[in-house]
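An overview of the molecular structure
Here is what each chain is made of, one letter per residue.
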Protein chains: 4
Amino acid sequence: MRKSKRDYADVDNRSRIIDAATELFIKQGAQDTSLSDIARSLSISKGTLYYYYSSKADLLFDVSESYMTRISNRLLEWAKNLKKPMPADEVVGKVLKELFSAENRGKLHLYLIYESITNNEMLKKRLISAYDQWLVMIKEGLSVLMNDTEKVTEYAELLLIMITGGIVHSTLGFGPQRIDGIMSLIFSGNPA
Amino acid sequence: MRKSKRDYADVDNRSRIIDAATELFIKQGAQDTSLSDIARSLSISKGTLYYYYSSKADLLFDVSESYMTRISNRLLEWAKNLKKPMPADEVVGKVLKELFSAENRGKLHLYLIYESITNNEMLKKRLISAYDQWLVMIKEGLSVLMNDTEKVTEYAELLLIMITGGIVHSTLGFGPQRIDGIMSLIFSGNPA
Amino acid sequence: MRKSKRDYADVDNRSRIIDAATELFIKQGAQDTSLSDIARSLSISKGTLYYYYSSKADLLFDVSESYMTRISNRLLEWAKNLKKPMPADEVVGKVLKELFSAENRGKLHLYLIYESITNNEMLKKRLISAYDQWLVMIKEGLSVLMNDTEKVTEYAELLLIMITGGIVHSTLGFGPQRIDGIMSLIFSGNPA
Amino acid sequence: MRKSKRDYADVDNRSRIIDAATELFIKQGAQDTSLSDIARSLSISKGTLYYYYSSKADLLFDVSESYMTRISNRLLEWAKNLKKPMPADEVVGKVLKELFSAENRGKLHLYLIYESITNNEMLKKRLISAYDQWLVMIKEGLSVLMNDTEKVTEYAELLLIMITGGIVHSTLGFGPQRIDGIMSLIFSGNPA
DNA sequence: TATGAATGAGTTTTCATTCAT
DNA sequence: CATGAATGAAAACTCATTCAT
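Residues numbered from 1 in each chain as written. Chains lettered and ligands numbered in written order. Predicted model: local features only at pLDDT ≥ 70, side-chain atom pairs only at ≥ 80, totals over all residues. Heavy atoms only, no water.

**Remarks on the nonpolar core**
Formed by 136 residues in total, the largest nonpolar core has its most connected members in Leu142, Met162, Met183 and Phe187 of chain A together with Leu142, Met162 and Phe187 of chain B. Ranked by size, the runner-up nonpolar core spans 135 residues in total, among them Val91 and Met183 of chain C together with Ile18 and Phe25 of chain D. (Core = buried A, V, L, I, M, F, W, Y, C linked by side-chain atoms within 4.5 Å. Buried < 20%, exposed > 50% of the residue type's maximum accessible area, 1.4 Å probe, protein only.)

**A closer look at the relation of the copies chain C and chain D**
Between the two copies, chain C and chain D, the superposition gives an RMSD of 0.3 Å; the rotation angle is 179° and the shift along the axis is 0.0 Å. Taken together, the rotation angle and the small translation identify this as a two-fold axis. Proximity to the rotation axis, assessed at the C-alpha, singles out Gly165 of chain C in chain C; its C-alpha lies 1.7 Å from the axis. Comparing interface residues between copies, 100% of those in chain C also sit at the interface in chain D, which points to an isologous, same-surface contact. (Least-squares fit on C-alpha atoms with pLDDT ≥ 70 in both. Contact = heavy atoms within 4.5 Å.)

**Side note on the arrangement of the chains**
Separated throughout, chain B and chain C approach each other most closely at a C-alpha pair spaced 30 Å apart. There is no contact between chain A and chain D; across them, the least C-alpha separation is 21 Å.

**Section: unusual backbone geometry**
Its identity is not glycine, yet Ser43 of chain B carries a phi of approximately 55°, on the positive side. Within the secondary structure, Ser43 of chain B is located in the loop between helix H2 (35-42) and helix H3 (46-52). (Helix = DSSP H or I, 4+ residues; strand = E, 2+ residues; numbered from the N terminus.)

**Brief notes about the protein's contact with DNA strand E**
Close to DNA strand E lie 32 residues, the nearest being Thr48, Tyr51 and Tyr52 of chain A together with Thr48 and Tyr52 of chain C. When the atoms of DNA strand E within 4 Å of the protein are sorted by group, sugar and phosphate make up 68%. Take Tyr52 of chain A: an N or O atom from its side chain is 2.3 Å from a phosphate oxygen of DNA strand E. Among the elements of the structure, helix H1 (2-28) and helix H3 (46-52) of chain A, H3 of chain B, helix H3 (46-52) of chain C together with helix H3 (46-52) of chain D are those that each provide at least two residues to the surface near DNA strand E. (Near = heavy atom within 4 Å. Polar contact = N/O pair within 3.5 Å; in protein donor to acceptor, adjacent residues only side chain to side chain.)

**As for the UniProt feature "domain: HTH tetR-type" (unreviewed entry) in chain A**
Within this structure's numbering, the places UniProt gives as "domain: HTH tetR-type" (unreviewed entry) are residues 11-71 of chain A. In this annotation, residues 11-71 of chain A is assigned 80% helix and 0% strand; the end-to-end C-alpha distance for the span is 21 Å. (UniProt positions renumbered as here; feature names shortened; annotations may be inferred.)

**What to know about the interface of chain A and chain B**
In this assembly, 47 residues from chain A lie in contact with 46 residues from chain B. In total, about 4200 Å² of surface goes out of reach between chain A and chain B, with carbon and sulfur atoms giving 74% of it. The salt bridge partner of Arg178 of chain B is Glu154 of chain A, with a shortest N-O separation of 3.7 Å. Listing elements by their share of the side of chain A that touches chain B, those giving two or more residues are helix H6 (105-118), helix H7 (121-145), helix H8 (152-172) and helix H9 (179-186) of chain A. Broken down by element, the side of chain A that touches chain B gets its largest block of residues, 15 residues, from H8 of chain A. Of the residues that constitute the side of chain A that touches chain B, the class distribution is 22 nonpolar, 17 polar and eight charged. (Buried area = accessible area lost by both parts, 1.4 Å probe. Salt bridge = Lys/Arg side-chain N within 4 Å of Asp/Glu carboxyl O. Nonpolar A, V, L, I, M, F, W, Y, C, P; charged D, E, K, R; others polar.)

**Remarks on the domain arrangement of chain A**
All names here are of chain A. By domain assignment, chain A separates into domain 1 (1-54) and domain 2 (56-192). If you look at the interface, domain 1 gives 16 residues, while domain 2 gives 12 residues. Between domain 1 and domain 2 the total buried area reaches about 1400 Å² when both faces are included, carbon and sulfur atoms providing 68% of it. Summed over the three residues of domain 1 that lose the most area to domain 2, namely Phe25, Ile26 and Tyr53, the buried surface amounts to 40% of that side. Linking domain 1 to domain 2 there are zero salt bridges. Looking at the side of domain 1 that touches domain 2, the elements with two or more residues in it are H1 and helix H2 (35-42). If you tally residues by element for the side of domain 1 that touches domain 2, the top one is H1, at eight residues. For the side of domain 1 that touches domain 2, a count of residues per class yields nine nonpolar, five polar and two charged. (Domains from an automatic or database assignment.)

Written as structure tokens, this is what we have:
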């Protein structure tokens, strides 16, 4: 009883830290956010931060976990709510717009990738596995939407690249402006 | 005369610096490359480096200039060599594959974007203008390739997003595997 | 009754802590052993550790007490078992070899001395008194062994220095290799 | 010319740093001497310290080098000045007394050994090689002094252990008090 | 008795930048 | 033109110690 109460507190504190870190990473970039910054924003000491996370990489890992989970959940929910007679281009376009619109999260997305390929093999593995997951989810969603399910894999790959590219462009403020047009382009031969 | 001679030397030295910096940025990441590293790789002193570039941001700007020029040139050359009866999907697919295959440059590409949106407003402007340029070049190329030029803008936007996304994915080692399939998907309704 | 029961438990817990600490000090060096390490190795909390020992110095003092007692006991036992017609060089050589062979304890021995002369006046006093004791014990042993008891004090001093030096050298992996030869050298003029 | 001048300055600065570090290590113990302490004592910045020594281990290595050289020189000089008809016990006793009397250097000696066996494999190798050297020097000196050169190796081992043990005891303030007596004990059978 | 969350002062280390020569 | 010595501000991280429960 005791113990579980404390454990809850622990989980709670950790998630408070993750949220604060995420916010700062998004606002000023992860590279330019020091552990002091995070501690200060939570009004705790650096020592306390280290009590919960024994290194910056550790904390970053959980931050990225939380970020990837958010995207996974969004895709999952999307796939779950699909029904047959829905226009693929509209439905997909809507999700993309949504993902691109969380402009500032893109900064974090970008950083996670950069960190992955530069410094952090563990994070890289985790990130690739997330991408794998997303690919599967997208395929499942498309299988519901499309008549011709033969090209589902290609479609899914295309969409995933577009998601990444779109997030980057949006964050840069060079967002794709004609998503609807692009969607109708892509799905032209596949009306629901 | 004198002066211009010096200027030539100056330009030469600067470009040597840019090349060395680029190489290091690509190899070990820009964040993890110190000015000492660059100076050492050129066998010059840090002081000399500062003689040519008064700050790291300054140097980064020129590095990115050189990087963007390389991409512009590639697109320019591509657009120039297009002739009418060429299959759009093949031609475009070839360029994409090429851009994606320079895997390690992607690290630099990614960093430039990250730096742009995090720290460096000037770089951001420059980068956006490069993207604008690329968009135009792609449009021009597509105009030659495609019959139905009505959708050229949408196509160009799509391709540009795909370039960014594909570079990122390739760098991450999660590269798109079915570019040909994707190309035929996209251009299905637009045979040359 | 109550109280003494508690006291027993107390003594027991303290000695468990001392043993764990000793083990870690020997394995990884005292300087590199944190109180967290010790607590973890006992599966108790740091708070509990502080319940029994109000500071690291406090704990170290008891650890050293236990270590010195071990040596004292060894010398005591040695002196007790001596009988007259025994060859001094052999008998002494055997003890030395034994003391030198506990290679890893040397790390602790060394640390105790270093700590004594650097930081910890109290420990220093304690250590000197232990050395005094050992000197007396050695003298007593030698009185039994040797014919000419005139030089016993010099012999004892020599042996004690050799013990310290030998422990250090052994720990360093530069152990004395010819103890027997050295012994016969020293005791050449003093056959039993 | 230029360059060599600068090199001289460099060597000079490094040796200034070594001297200051040595002094502090001796005064307050190496473990308790931070790089800030050393920088402060030299009125330079920490950055400057790192300009000359890229890590604390690096600096320690040079400090220990300088310390070991000092001992080597002393032994060398001793061996060089020996002539045949000199009483071994007196001559050796004098050197020992001298080595033991530099009481505070013992703190450094002790620390070097402790650090060697705890943390620093490189230092350990260096230290062992120094001890090897000293052993050779002592052997050479003894060969001159003693009639019966058969036991020279044993004598040298014995003396080296005594040096280490004696340095430790002296530093602890429990110095051997009867060195002369001990010497005559050891060399009893070997008059010059 | 026992806990573990919290702290803060300290450590080593990095690096862009300045400047006298 | 070129140098490299010097700096200082900041970073990540450690750990003995305290204390409310």
